[in-house]
Each structure stands twice: as structure tokens, then as C-alpha cells.
Amino acid sequence: EQLRRRLQAMPKAELHIHIEGSLEPELIFELAQRNGISLAYPSVEALRQAYDFTDLQSFLDIYYAGASVLLTEQDFYDMTAAYLRRAAADNVRHAEIFFDPQTHTARGVPFGTAINGIWRACQEGPISASLIMCFLRHLPEEDALATLEQALPHRDKLIGVGLDSSEVGHPPEKFARVFERARELGLHLVAHAGEEGPPAYIDSALDVLHVERIDHGVRCLDDPQLVQRLARERMALTVCPLSNIKLRVFDVMGSHNLRRLLDAGLAATVNSDDPAYFGGYVNANYLAAFEALPLDERHARQLAVNSFEAAFLDADSKRAFL
Ligand code: ADE
Ligand code: ZN
């Protein structure tokens, strides 16, 4: 109970949250009704019951279906405002939020509708928030390049680009050109790597894409040389414990490698990934990991410090938040 309060009260940054993954079943139903969309599930309870995943793809199928209720700028605003309120309640001081524009533009929702709604909520608080646009790696690089073009009028609303969706079979090097272009634009670079995919994808995210953080990255422990490199470079890993259990990257929380990552000197952080689908926001992730693993007060402090150190903030802001 004391641990719960300490983890709860600790100021933290959240660096791995897909805003579409914060869409709670209740809000999915509300938006479906508002927009005259019929859902494949009869009730909120039936939808939540379908959240029983066997791997990343089984989750992505239902996650993209859930996002299909988002049509208007107000929908994107309402989703984002709800996340920011929940994050503030967990003492998140700063969030770097992923969104997947291609999930929306592919359905005919304009790029501007999505980003303007999300952005407006971020401007209104109650916490500091910035936006990272992710490319869907199951689609061709040409689509990602076209998406980056669409983002140009909104350049000032973005701090970076990322890479998400189905990992295996879609290595980072598939997106070398679009990341190069994003780099020229001065955007920060991150990518999901080593969630389900092999350690080699972490290497190529670093060497080919030149990313500044690795999203997930838990599979790095399969490669001791890579671990040494990540430690030497103080490369941040945005680890998402509940996600890893729900998507069966690890069988149970007791076998999660968070403690081993920290012991190896890696800059691990704790994040929620898709909190509406995986059973909790950032504090639930800290708590689940700390209850199942040999982690103490010092690890908690280290994880929180890591979260601010890895954030795309200037040094003064980091100090002010901690
Ligand atoms: N999109 C949303 N959540 C994701 C995850 N955990 N991995 C890859 N793509 C995602
Ligand atoms: Zn993710």
C-alpha cells in the first residue's frame, strides 16, 4: 500500500502511449452513437470481453477497428483530453504521445482533422504534452512518405516521428528514406523494435534509421553485444509491462525482464502503450511490475529519472518537472 502510494505520487514522464490505444470502450460506444456508426459488438461489456489477445496482430486488428469511430476533430479532441486527465491523475508531468495518421486518412478522415483535434487538447493541458507521428510499418514506405508530406503544414505541432504496427517481416530498413527525410526536417526519431521482432531490428533502427529511443526493445537481452551497446549509448527503452503480458511477449509479469534490463545498466522507462486495451494507465504498469518483480524504491526513482532524461525536453524543463 505504501509502495502503491509512492509509485502513484512520483512525478513521471510517459514516452510510449498510442492515443488511439487510450480509447476506452465507453468512449468508443459514445462516439459510434454520435457518428451513426454501428459496431460489431452489442455492448461495452461484449467489446471489453473481446480484449483477449494472443499476439501483437490479434490486438492490432481490434485496435484499428476501435479507431474507426473517430471521425470529427471533436472526436480526436475528446479522446486526447480524456487521456491527459488520466495521465495527470497518475502524476504524469509530461507525455510524448503517438498517433497513427494513416489509420485515419485511409478511412477518408483528413490528416488535419486528426492532428488538429489531438493538438488542441494537448494545448489545453492539464499536463505538458507533445506529439510523435507514427508510420504504419505494414504499409509501403511510399505511403509513409506521402504521410510525411501531408504533415508538412503541421510541422510545428510535431516533435518527432515513430514506427509502429506489425513488426515481424517489416524491418526498420524498409523505412530508411522516410526517416532520412524526417531527420532533415529536424524531427526527433523513435521506432518500435524488439517487441516481437529480433534484436537485429533494434540494431537496424539505430544504424539505419538513427533513432534516439527504442520503443519496447525488451528482446535486446537475446544479444549481449547489443545490450553492451545500448548501455554504453545510454539508449532509452520505452518498456510497457502490461502490454508485454497481454500480447504474450512474456507469459506472466513474474518473468518480465524489466529488472534485468535495469541491472544491465539500460535506460529503461515504464509506459502504458495502449492503456484502454491492456488493463491500465502508467501507474498500473509501475504497480504490476513492482508487485511481481524484485524492484524497490531505488528502482522506482531510477525509472522516473530515466523517463525525464529520455524525454525530448530541454534540460531546464526536465529539472523543473523532476
Ligand atoms: N500500435 C499500437 N500499439 C502498438 C504496439 N504495442 N506495437 C506495435 N504497434 C502498435
Ligand atoms: Zn507501442
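The rules behind each value
- Residues numbered from 1 in each chain as written.
- Chains lettered and ligands numbered in written order.
- Predicted model: local features only at pLDDT ≥ 70, side-chain atom pairs only at ≥ 80, totals over all residues.
- UniProt positions renumbered as here; feature names shortened; annotations may be inferred.
- Helix = DSSP H or I, 4+ residues; strand = E, 2+ residues; numbered from the N terminus.
- Rg over C-alpha atoms; globule rule 2.2 N^0.38 Å.
- Buried ≥ 20, exposed ≤ 12 C-beta atoms within 10 Å, placed from the backbone.
- Contact = placed C-beta atoms within 7 Å.
- Near = placed C-beta within 6 Å.
- Nonpolar A, V, L, I, M, F, W, Y, C, P; charged D, E, K, R; others polar.
- Core = buried A, V, L, I, M, F, W, Y, C linked by C-beta atoms within 7 Å.
- Right-handed = clockwise from strand over helix to strand, strands pointing away.
- Pairing = 2+ DSSP bridges.
- Axes fitted to C-alpha atoms, helices over the stretch in contact; angles between N-to-C directions.

Per an unreviewed UniProt entry, the recorded name for the protein chain is Adenine deaminase, and the organism is Massilia forsythiae. UniProt, in the comment section headed Sequence similarities (unreviewed entry), describes the protein chain in these words: "Belongs to the metallo-dependent hydrolases superfamily. Adenosine and AMP deaminases family. Adenine deaminase type 2 subfamily." Recorded in UniProt under Catalytic activity (unreviewed entry), the annotation for the protein chain is "adenine + H2O + H(+) = hypoxanthine + NH4(+)".

Caption draft 1: Examining the overall build of the protein chain more closely. Helices and strands together make up the secondary structure of the protein chain, namely 17 helices and eight strands. Rg of the C-alpha trace for the protein chain: 18 Å, near the compact-globule value of 20 Å for 322 residues, within the 12% margin. Counting only C-alpha atoms, the protein chain reaches 50 × 45 × 40 Å along its principal axes. Sorting the 322 residues of the protein chain into buried and exposed places 48% on the buried side. If you take every contact in the protein chain between residues at least 6 apart in sequence, the share linking residues at least 24 apart comes to 77%.

Caption draft 2: A look at the site of ligand 1. All residues adjacent to ligand 1 are His18, Gly21, Leu56, Tyr63, Asp164, Ser165, His192, Glu195, Ser243, Asp273 and Asp274. When the residues that make up the shell around ligand 1 are grouped by side-chain class, the tally is two nonpolar, five polar and four charged.

Caption draft 3: A look at unusual backbone geometry. For the bond running from Gly125 to Pro126, omega is 10°, close enough to zero to count as cis. Inspection of the secondary structure puts Pro126 in the loop between helix H7 (111-123) and strand S3 (128-136). One non-glycine residue, His210, lies in the positive phi region at around 65°. When you line up the elements, His210 lands in the loop between helix H10 (199-207) and strand S6 (213-216).

Caption draft 4: Representation of the nonpolar core in the model. With 96 residues, the main nonpolar core has Ile97, Phe99, Ile118, Leu131 and Ala205 as its most contacted residues. Among the elements that make up this core, the one with the highest residue count is S3 (seven residues). Beyond its immediate sequence surroundings of up to four residues, Phe99 is in contact with Ile19, Glu20, Ala114, Ile118, Leu131, Met133 and Cys134.

Caption draft 5: Geometry of the pairing of strand S7 (residues 236-239). Side-chain alternation along S7 places Ala236 and Thr238 on one buried face and Leu237 and Val239 on a second face that is also buried. Handedness of the crossover joining S6 and S7 through helix H11 (residues 224-232) is recorded here as right-handed. Of the strand pairs in this sheet, S7 and strand S8 (residues 267-270) are connected by four bridges, and their pairing is parallel. Across the sheet, residue Ala236 finds its bridge partner in S8, namely Ala267.

Caption draft 6: Summary view of the UniProt feature "binding site: substrate" (unreviewed entry) in the protein chain. Taking the numbering used here, the UniProt-annotated feature "binding site: substrate" (unreviewed entry) corresponds to Asp274. Mapped onto the elements of the fold, Asp274 is located in the loop between S8 and helix H14 (275-278). When sequence neighbours within four positions are dropped, the list of residues in contact with Asp274 reads His18, Gly21, Tyr63 and Ser243.

Caption draft 7: Highlighting the pairing of strand S1 (residues 12-18). Burial analysis of S1 places seven of its seven residues in the buried class, the great majority of the element. Note that S1 and strand S2 (residues 92-99) share five bridges and pair parallel. Bridge pairing links Ile17 to Ile97 in S2.

Caption draft 8: Representation of the sheet that holds S7 within the structure. Spatially, S1-S2-S3-S4-S5-S6-S7-S8 is the arrangement adopted by the eight strands of the open sheet, whose pairing is parallel. Both outer strands of the open sheet, S1 and S8, are each paired with one neighbouring strand and no more. Looking at each pair of strands side by side, their axes are set apart by 25° on average, direction ignored. Note that S3 and strand S4 (residues 158-164) share six bridges and pair parallel. What sits directly across from Phe135, in S4, is Leu163. Contacts between H7 and the sheet are confined to S2 and S3, with S3 contributing the most and set at about 155° to the helix.

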